[in-house]
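Now for the letters of each chain:
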Amino acid sequence: MSFREVNALRKSGDLEAATAMAEHDIEQYRDEWSCKALYWCLNDKAKQLEGNELSECITRMRNLLTTIGDDDIAQSCLQRLERRLIPHMAVVRQAADSAKDPSQAHKAYKTILSIYEAGELDCSLQSDFAWVIYRALHADQSENGELRKELLSKYRELNIERSPILHSLILGEAVRVEKAWPQMFMFTEFIEWWGLDNLTEDDWEQFKTNDGNKLLSRVEKMIYLYTKEVQSISEIQPSAQFMEVLNKAIGKWSTDDNLIRCKALLLTKQGDIDGAIEIYKRIIKLTSGQKYYLWSDLAALVSDIDLKIGLLSKALLLRVQEEFLGKVRTQLAQLLFDKRLYANALYEVQKIEETYQSNGWNVPSNVRFIAQNIPTSTQSYNNTSVYPQWAQKANEFIYTDSQSTHMVKVAHREDYVMQANGKNKKVIKWTLVDNHGESITIKPNKFNLYRADIGTCFEVKKSDNQVIYLSAIDAENVNWRKSFKGSLSVHTNKAGKPFGFADDCYVPGNLLKQVKDGDRVAGVAICTDGKWRCIYIRKL
């Protein structure tokens, strides 16, 4: 009989007749096709067998396969049958399948765990157990942190070739456990065991929710938690491999100030204070100085007392809820107390006490010590008026490498803004101009400036088009600004509008209201495009 006839009988469902025919054929002539015919009959028959009968059937199939030769399908079928001989195979497979249902995942884990702890889980089934562990981790919504710690520990024990997909999923679960229960286990040690060289492209992938919000990648989440643990445990230092991953993340998300801050914090932990200071200066510029904790972090690193005060003042000039400023005010209070600026220190102490007491918090012992040692006759001084002055030193420190320019005050304006309490607040604005005719408008009180005549010269520094430093300078340093005296001559243009000249300086019509033709005048002029233009004039 031919292979085709045996195969047809087998597929028709008459396995007994097909097997008998194949046995007869192979006794007559053993070749590749007769072996194939019997092999597939035995394969179908083996599906109904168990124990010794299955083992004997597999032995015969293995023998036939040596004659059949290279046949991937036949080999794969044999391997599946051989797995059925493994102890507890059926139980483990059934548990693994049931674990795909989140409600059954923990039960499946317990089923396989009993086999594993009895030392009866074959190594070939450990990958199944690994997937069950992940599904149990992912499905668990309880507050049982110890269970999740146990699950991660069991995964680590398994002697398996790590599937990249599963290994990344386990990383995600480890992140979730650490975030919910900080230091439930040593996260940094887990990461070193996990192996950062196992990171995949998916681990670096950010996602967006349906409403457009960004979701952090697994790498970013891991970095933040790793950094936090290194900070909180004195004995831990970041590994070189972790720092490489962090640098790669910073390169990928170069505008993420939180990632860059992680590097500054870790450099601080490693003792590289100068390196950390430079990074903080970079982040502050990146965030336009709008994150209070960056100023506080930096204040802790510098040694100059006045600079520390300036940096903390920058933090307090930002609009931040008082509940977040306790640490900043405590640092500043101590510095002011040490400098014997008791009135200023008392103000910070009172702000801390007010906030802590209103929230039912205990006032820190070091704040109580300061309060008890300030002379009893001291009257509190409201520091809000001196923060801008103190902050100038911080501005100089941060923006020392920022390009400066000279500008002259050319206009002064007062506006009234309605406040929430219904009262009008006067807002003063100055207009400054440079020698190219470019102008800016600033609020002088932001820089602790309250009075300046028209024609006053300033050194100005900017970052991201924002003025971050402003200081009055001697007019002699600005060669495109001059004071003049002379006789005023008034003229009229074709439109009938007046203009004038004095000492070769053009005087626009809006400045002629208090002077007239022929008057002796004095004023201030600036030069743009080679021409002198009066910005202030008065009659002598």
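Refer to the structure above for everything that follows.
Okay, so let's go over this structure. Everything numeric in this text was worked out from a predicted model, so none of it was measured.

About the criteria used
- Residues numbered from 1 in each chain as written.
- Predicted model: local features only at pLDDT ≥ 70, side-chain atom pairs only at ≥ 80, totals over all residues.
- Heavy atoms only, no water.
- Helix = DSSP H or I, 4+ residues; strand = E, 2+ residues; numbered from the N terminus.
- Rg over C-alpha atoms; globule rule 2.2 N^0.38 Å.
- Buried < 20%, exposed > 50% of the residue type's maximum accessible area, 1.4 Å probe, protein only.
- Contact = heavy atoms within 4.5 Å.
- Areas by Shrake-Rupley, 256 points an atom, 1.4 Å probe, with all protein chains shown as cover.
- Salt bridge = Lys/Arg side-chain N within 4 Å of Asp/Glu carboxyl O.
- Core = buried A, V, L, I, M, F, W, Y, C linked by side-chain atoms within 4.5 Å.
- Axes fitted to C-alpha atoms, helices over the stretch in contact; angles between N-to-C directions.
- Parallel < 35°, antiparallel > 145°, perpendicular 65-115°, else oblique.
- Left-handed = near helix turned anticlockwise from the far one by under 90°.
- Pairing = 2+ DSSP bridges.
- Expected span 1.5 Å × (residues − 1).
- Patch = residues over 30% accessible without salt bridge, like charges linked within 9 Å, V, L, I, M, F, W, Y side chains within 5 Å.
- Lys, Arg positive; Asp, Glu negative; His and termini not counted.
- Charge placed at Lys NZ, Arg CZ, Asp CG, Glu CD.
- Polar contact = N/O pair within 3.5 Å; in protein donor to acceptor, adjacent residues only side chain to side chain.
- Phe/Tyr/Trp six-rings, centres within 6.5 Å; stacked < 30°, edge-to-face > 60°.
- Lys NZ or Arg CZ within 6 Å of the ring centre and 35° of its normal.
- Disulfide = S-S within 2.5 Å.

1. Some thoughts on the overall build of the protein chain
Then comes step 1: From N to C terminus, the protein chain includes 21 helices and 13 strands.
Then comes step 2: The C-alpha radius of gyration of the protein chain comes to 40 Å, more than 25% above the 24 Å expected for a compact globule of 540 residues.
Then comes step 3: C-alpha extents for the protein chain along the principal axes are approximately 135 × 70 × 45 Å.
Then comes step 4: Here the protein chain holds 540 residues, and the buried ones make up 44% of them.
Then comes step 5: Long-range pairs, those at least 24 residues apart, make up 57% of the contacts in the protein chain between residues at least 6 apart in sequence.
Then comes step 6: Here the protein chain displays about 29700 Å² of accessible surface, and carbon together with sulfur accounts for 47% of that area.

2. A few points about the pattern of salt bridges
Then comes step 1: Tallied over the entire structure, the rule returns 21 salt bridges.
Then comes step 2: Across the salt bridge formed by Asp97 and Lys100, the nearest N and O atoms sit 3.8 Å from each other.
Then comes step 3: Overlapping salt bridges bring together Arg10, Asp44 and Lys47 as one network.

3. Observations concerning the nonpolar core
It is characteristic of soluble globular proteins that their nonpolar side chains tend to be buried jointly.
Then comes step 1: Ranked by size, the top nonpolar core spans 111 residues in total, and within it Phe129, Phe187, Met222, Ile223, Phe242, Leu246 and Trp295 carry the most contacts.
Then comes step 2: Beyond its immediate sequence surroundings of up to four residues, Phe187 is in contact with Ala174, Val175, Glu178, Met222, Leu225, Tyr226 and Glu229.
Then comes step 3: Judged by nonpolar contacts, the second largest core, of 25 residues, contains Ala18, Met21, Leu38 and Leu65.

4. A few points about the packing of helix H14 (residues 257-270) against helix H16 (residues 292-299)
Then comes step 1: Where H14 meets H16, the axes come as close as 12 Å, and the angle between the chain directions of the two elements is 15 degrees. Taken as axis vectors, H14 and H16 run roughly parallel relative to one another. Pair H14 / H16 crosses with left-handed handedness. Taking contact as the criterion, the partners of Asp257, Asn258, Arg261 and Leu265 in H14 are, on H16, Tyr293, Leu294 and Asp297.

5. Brief notes about the sheet that holds strand S5 (residues 439-442)
Then comes step 1: Spatially, 5 strands are ordered S5-S4-S3-S6-S7 in an open sheet, and the strand pairing comes out antiparallel. The sheet is open, and its two borders are formed by S5 and strand S7 (466-473), each paired with just one other strand. Mean inter-strand twist for the sheet, computed between neighbouring axes without regard to direction, equals 40 degrees.
Then comes step 2: Where strand S3 (residues 404-418) and strand S4 (residues 424-433) come together, 10 bridges link them in antiparallel fashion. Looking at S4, one finds that Glu414 is bridged to Ile428.

6. Side note on helix H19 (residues 342-358)
Note that an α-helix has 3.6 residues per turn; residues three or four places apart therefore point the same way.
Then comes step 1: Under the 1.5 Å per step criterion, the end-to-end length of H19 is 24 Å for 17 residues, consistent within 8% with the ideal 24 Å.
Then comes step 2: Among the residues trailing H19, Gly360 stands out with phi positive, at a value near 75 degrees.

7. Considerations on a positive patch on the surface
Then comes step 1: A contiguous patch of positive charge, built from Arg319, Lys425, Lys443 and Lys446, is present on the exposed surface.
Then comes step 2: Relative to the helices and strands, Lys446 resides in the loop between S5 and strand S6 (457-463).

8. With respect to the side chain of Glu229
Then comes step 1: Within the secondary structure layout, Glu229 lies in helix H12 (residues 218-232).
Then comes step 2: Of the side chains with opposite charge, Lys269 comes closest to the buried, unpaired Glu229, at an N-O distance of 9.7 Å.
Then comes step 3: Of note is the side chain of Glu229, whose polar atom sits 3.1 Å from the backbone nitrogen of Phe187.
Then comes step 4: Leaving out residues up to four positions away in the same chain, Glu229 has contacts with Glu178, Gln183, Phe185, Met186, Phe187, Thr188 and Ile236.

9. A look at the packing of aromatic side chains
Then comes step 1: In total, this model carries 19 aromatic pairs according to the counting rule given.
Then comes step 2: Centre to centre, the rings of Phe185 and Phe190 are 5.7 Å apart; their planes meet at 85 degrees, and the pair counts as edge-to-face. Just as Phe185 is buried, Phe190 falls in that class too.
Then comes step 3: Where Phe499 meets Phe501, the ring centres are 6.1 Å apart and the plane angle is 85 degrees; that geometry is what we call edge-to-face.
Then comes step 4: One aromatic cluster is present, built from ring pairs that chain together Tyr155, Phe185, Phe187, Phe190 and Trp193.
Then comes step 5: Positioned over the ring face of Trp33 is Lys36, at 4.7 Å from the centre of the ring.
Then comes step 6: For Arg162, the ring lying beneath its charged end belongs to Tyr155, and the centroid distance is 4.7 Å.

10. Let's talk about the state of the cysteines
Then comes step 1: One pass over the full model with this rule turns up 0 disulfides.
Then comes step 2: Of the cysteine sulfurs around Cys534, a residue in no disulfide, the closest is that of Cys505, at 6.9 Å.

11. Structural notes on helix H10 (residues 164-180)
Then comes step 1: Look at H10: 25 Å from first C-alpha to last across 17 residues, which is about the 24 Å you get at 1.5 Å a residue.
Then comes step 2: Among all positions of H10, only Leu166, His167, Ser168, Ile170, Leu171, Glu173, Ala174, Val175, Val177 and Glu178 are buried.
Then comes step 3: Elements in contact with the buried residues of H10: helix H8 (126-139), helix H9 (145-157), helix H11 (187-194) and H12.

12. Brief notes about the environment of Asp503
Then comes step 1: Its location among the elements puts Asp503 in the loop between strand S10 (498-502) and strand S11 (505-507).
Then comes step 2: Of the residues examined, Asp503 reaches a relative accessible area of 37% and is grouped as partly exposed.
Then comes step 3: As for Asp503 and Phe484, which are separated by 19 residues in sequence, their C-alpha atoms are 6.7 Å apart.
Then comes step 4: The contacts of Asp503, once residues within four sequence positions are left out, are Lys482, Phe484 and Lys485.

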